[in-house]
Amino acid sequence: MPAEGGKTDMERIGLFSEMEYITVGDKYVSQFNRPFNEAASKSKQMLPGGPKAMSDLQAGYFDPHFVRIFEGEGYMNLNQVRRQEMMEAARKNLGKAFFPSSGEKKPCGLGSYYGTIGGPVPFFSAQSKPREKYKAPGKNLYTNPGKKGTGYGYANITIGKQFSHSADFYDAAKLNYKKANEEHHRLLKGAPFKLNLHPRDYFDANPYLSEEPLPPIKKEEKKESISNTFKPSSPGKKPGGMKAGTFDPYPSHSADPYVAKLANISGKNDKIFHPPGGPKSRPVESIMTLNVRRALNSKNYKTASVPSY
């Protein structure tokens, strides 16, 4: 549409013409059936022919023929060069090569020095060292031979003198205790201290204990058993929405007298007693639920098998 100034929208934007729609009239192709590279499936493609394996043939290289590094050099024998190097190294030797006089010697037993470089060590020699001449000590002190006896019942056997005999009373311990006891009672002043409280039992006396004789035992009276059982004359009547099955007739209606309501309790001592609430019930799980929880838990719920009933 032309604007107010007389220019169209295309002229106002600055474009020569409206952009074309390139996909108008094309067939719809799903994005799932589209190839990854459309250009690879159209026209001819480059065929490299596969990789070439390296070998002694010229087919594995880019050049048509093998190119040498040096052109026109002479042939060199490697064995001849190696011999020349060995001859030059031999000219540098001042004397003849060292040859040992004989092969290594093997030891002929444990502790043998045969075959060693240093030979035997004098410090480890088994030969006895020179010692000073032995001087015998002086003679022992000669004494009289020991007296025979074990010491029990034999006199004059010990080193010291024999103990002299001292008389001992038969009841010496008893007499000493008696003298000590009399001396103890002589030093006491006054009678021994005694409490006025008599010890009591841990529990109170039996309140039901009585010293009176018990009354004679009462004999139970035997009731005469009725031989014949009671049988009603007719079966009980069923209530059919009325008092047909009762003993008494239906009571007559009585008007309830008007009773005034009680006044509000205002006194402190006139409060109504409200008993405390009893224990409240709790939800109890069934035995089936407990068995299921024991059989199935967070560790074996994947591997547990379903039981067959």
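Read on for an overview of the structure. These figures come from a predicted structure and were not determined experimentally. (Residues numbered from 1 in each chain as written. Predicted model: local features only at pLDDT ≥ 70, side-chain atom pairs only at ≥ 80, totals over all residues. Heavy atoms only, no water.)

1. A word on the overall build of the protein
Now for step 1: Check the secondary structure of the protein and you find four helices and zero strands.
Now for step 2: Counted from the first residue to the last, the protein has its helices and strands arranged as α-α-α-α.
Now for step 3: Buried residues in the protein amount to 0% of all 309 residues.
Now for step 4: Counting contacts in the protein only where the partners sit at least 6 residues apart, residues at least 24 apart contribute 0% of the total.
Now for step 5: For the protein, the exposed area adds up to about 36600 Å²; of that, 58% sits on carbon and sulfur atoms. (Helix = DSSP H or I, 4+ residues; strand = E, 2+ residues; numbered from the N terminus. Buried < 20%, exposed > 50% of the residue type's maximum accessible area, 1.4 Å probe, protein only. Contact = heavy atoms within 4.5 Å. Areas by Shrake-Rupley, 256 points an atom, 1.4 Å probe, with all protein chains shown as cover.)

2. Some details on the pattern of salt bridges
Now for step 1: Applying the stated criterion to the full structure yields one salt bridge.
Now for step 2: The salt bridge involving Arg186 is made with Glu183; its shortest N-O contact spans 2.4 Å. Linking Arg186 with Glu183, this pair stays in helix α3 (residues 172-187), spanning three residues, or about one helical turn.
Now for step 3: Looking at Arg186, the relative accessible area reads 56%, which means it is exposed. (Salt bridge = Lys/Arg side-chain N within 4 Å of Asp/Glu carboxyl O.)

3. Some details on helix α2 (residues 78-91)
Since there are 3.6 residues in each turn of an α-helix, residues three or four apart along the chain are aligned in direction.
Now for step 1: Compared with an ideal rise of 1.5 Å per residue, which puts 14 residues at 20 Å, α2 spans 21 Å between its outermost C-alpha atoms and is within 8% of the ideal.
Now for step 2: Backbone nitrogen of Asn79 and a side-chain oxygen of the N-cap are separated by 3.4 Å at the start of α2; the cap is Asn77. (Expected span 1.5 Å × (residues − 1). Polar contact = N/O pair within 3.5 Å; in protein donor to acceptor, adjacent residues only side chain to side chain.)

4. Points about a nonpolar patch on the surface
Now for step 1: A cluster of nonpolar side chains, contributed by Tyr113, Val121, Phe123 and Phe124, occupies part of the molecular surface with about 490 Å² of accessible area.
Now for step 2: Mapped onto the fold, Tyr113 is located in the loop between α2 and α3. (Patch = residues over 30% accessible without salt bridge, like charges linked within 9 Å, V, L, I, M, F, W, Y side chains within 5 Å.)

5. Notes on the environment of Gln162
Now for step 1: Tracing the backbone through its elements, the reader meets Gln162 in the loop between α2 and α3.
Now for step 2: Since its relative accessible area comes to 45%, Gln162 is described here as partly exposed.
Now for step 3: In this structure Gln162 touches Ala155 and Asn156, once residues within four positions along its chain are discounted.

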